Amino acid sequence: YWAQQRLRTAPSPDRIAEPPAAPPRSKTVPPAYEVYSAETEKAPKQPPANKAPKTRPEVAIIIDDLGYDRALAHKFIEMNTVLTISVLPDSPFLKSLVAAANQKGYEILLHLPMEPDEYPRIQPGPGALLMAMSPDELIAQLYHDLGQVPHLIGVNNHMGSRMTKDPPKLRQVFSVLKKEGLFFIDSRTTAETQCEPSARLLQVPFAESEVFIDHSTDPEFIRRQIKRLINRAKRQGYAIGIGHPHLITFQILQEALPELEKEVDLVPVSRVVKIPS
């Protein structure tokens, strides 16, 4: 069945059941941001002893949850640096923001909503993959979400603390990503995530977030997280940081750019993605 599906092609209604309807919501109201705790972060990886270190560590910064606040998103897109942009499906400004980001040369990800542990009290938003979906429903919803994003090269999860612990559901998702030549970035919204072993099993290019930059919007906290991101990259050769469309995040990133560019190379996220060994 999966081999017959094609990206951006609507599934045949007589073969795939409609996904469960999401609760009604205004298209201009964004879903909640990540549900996060510090316990999701792993200890830094140690570079292989037989591998010469890079001359400069690499940092990839993803700005996700984009698609609802057009003006704020454009502030990030117009930054004179290297970012990766991740957009939510069914968001009102998705197409225009992707077009602007692509014109600036940014890599584009789908920020894929997945069911969190707190569901249904906390809703992951339109386009979400839910545990109650059958395989056909889940795959149909995934193709719908993928098909909305032009210039797509990869996916990272929005929420998903429940679904990313479930290997059977992840195998369904990763089978589609492998077929479509897309990579997956684990946002690590749970310490119990099974994304890496699932990606290894299906040979899907993969990486995972090291630092959430702004799960607190206190300016000093964001500054400390950026320093943690730099230090982590120095220890293991690279690091991925995730930020959100907050005005304070934009302001602190702008302020921190000289230090970032002095200490590390800012790179697109695809530079640090690989098939897990």
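**Things to note about the overall build of the protein chain**
And then number 1: The helix and strand inventory of the protein chain stands at seven helices and nine strands.
And then number 2: A total of 277 residues make up the protein chain; the buried ones form 52% of that total.
And then number 3: Restricting the contact set of the protein chain to residue pairs at least 6 apart, pairs at least 24 apart contribute 77%.

**Overview of the confidence of the model for the protein chain**
And then number 1: Overall, the predicted model of the protein chain reaches an average pLDDT of 88, with 82% of residues at or above 70.
And then number 2: Across residues 1-26, where pLDDT falls below 50, the model places 46 contacts with residues more than four positions away in sequence or in other chains.
And then number 3: Under a pLDDT of 50 for its full length, residues 48-52 has, in the predicted model, zero contacts with residues more than four places off or in other chains.

**Points about the packing of helix α4 (residues 167-179) against helix α5 (residues 195-202)**
And then number 1: Viewed as axis vectors pointing N to C, α4 and α5 meet at an angle of 50 degrees, and their least axial separation amounts to 9 Å. Between α4 and α5, the crossing angle belongs to the class labelled oblique. In terms of crossing hand, the pair formed by α4 and α5 is right-handed. Facing α4, whose interface residues are Pro 167, Leu 170, Arg 171, Phe 174, Ser 175 and Lys 178, α5 presents Cys 195, Ser 198, Ala 199, Leu 201 and Leu 202.
And then number 2: When its residues are assigned to classes, the contact of α4 with α5 shows seven nonpolar, two polar and two charged.

**Quick look at helix α1 (residues 70-77)**
Think of an α-helix as turning once every 3.6 residues; residues three or four places apart then point the same way.
And then number 1: By the burial criterion, the buried members of α1 are Leu 72, Ala 73, Phe 76 and Ile 77. Along the axis of α1, the buried positions cluster into a sector of 145 degrees, meaning they face one direction only.
And then number 2: On its buried face, α1 is in contact with β1 (58-66), β2 (84-87), α2 (94-103) and α7 (247-263).
And then number 3: Its side-chain oxygen at 3.4 Å from the backbone nitrogen of Ala 71, Asp 69 defines the N-terminal cap of α1.

**Thoughts on the pattern of salt bridges**
And then number 1: A full pass over the atoms with the stated rule returns twelve salt bridges.
And then number 2: Note that Glu 115 is salt-bridged to Arg 162, the shortest N-O span being 2.6 Å. Linking Glu 115 in the loop between β3 (107-114) and α3 (135-147) with Arg 162 in the loop between β4 (152-159) and α4, this pair joins segments that are 47 residues apart in sequence.
And then number 3: Here Glu 115 falls in the buried class, since its relative accessible area comes to 5%.
And then number 4: In this structure, Lys 234 and Glu 263 form a salt bridge, with 2.5 Å as the shortest nitrogen-oxygen distance. With Lys 234 in helix α6 (residues 219-236) and Glu 263 in helix α7, this residue pair connects regions lying 29 residues apart in the sequence.
And then number 5: A residue is classified by how much of its surface remains accessible, and Lys 234, at 45% relative accessible area, is partly exposed.
And then number 6: Residue classification places Glu 263 among the partly exposed positions, given a relative accessible area of 26%.

**As for the environment of Glu 192**
And then number 1: By secondary structure assignment, the location of Glu 192 is in the loop between β5 (183-186) and α5.
And then number 2: We classify Glu 192 as exposed; its relative accessible area is 51%.
And then number 3: When the C-alpha atoms of Glu 192 and Ser 161 are compared, they prove to be 8.2 Å apart, with 31 residues separating the residues in sequence.
And then number 4: With residues near it in sequence (within four places) discarded, Glu 192 still touches Thr 164 and Lys 165.

What counts and how
Residues numbered from 1 in each chain as written. Predicted model: local features only at pLDDT ≥ 70, side-chain atom pairs only at ≥ 80, totals over all residues. Heavy atoms only, no water. Helix = DSSP H or I, 4+ residues; strand = E, 2+ residues; numbered from the N terminus. Buried < 20%, exposed > 50% of the residue type's maximum accessible area, 1.4 Å probe, protein only. Contact = heavy atoms within 4.5 Å. pLDDT = per-residue confidence, 0-100. Axes fitted to C-alpha atoms, helices over the stretch in contact; angles between N-to-C directions. Parallel < 35°, antiparallel > 145°, perpendicular 65-115°, else oblique. Left-handed = near helix turned anticlockwise from the far one by under 90°. Nonpolar A, V, L, I, M, F, W, Y, C, P; charged D, E, K, R; others polar. Arc of directions from axis to C-beta. Polar contact = N/O pair within 3.5 Å; in protein donor to acceptor, adjacent residues only side chain to side chain. Salt bridge = Lys/Arg side-chain N within 4 Å of Asp/Glu carboxyl O.

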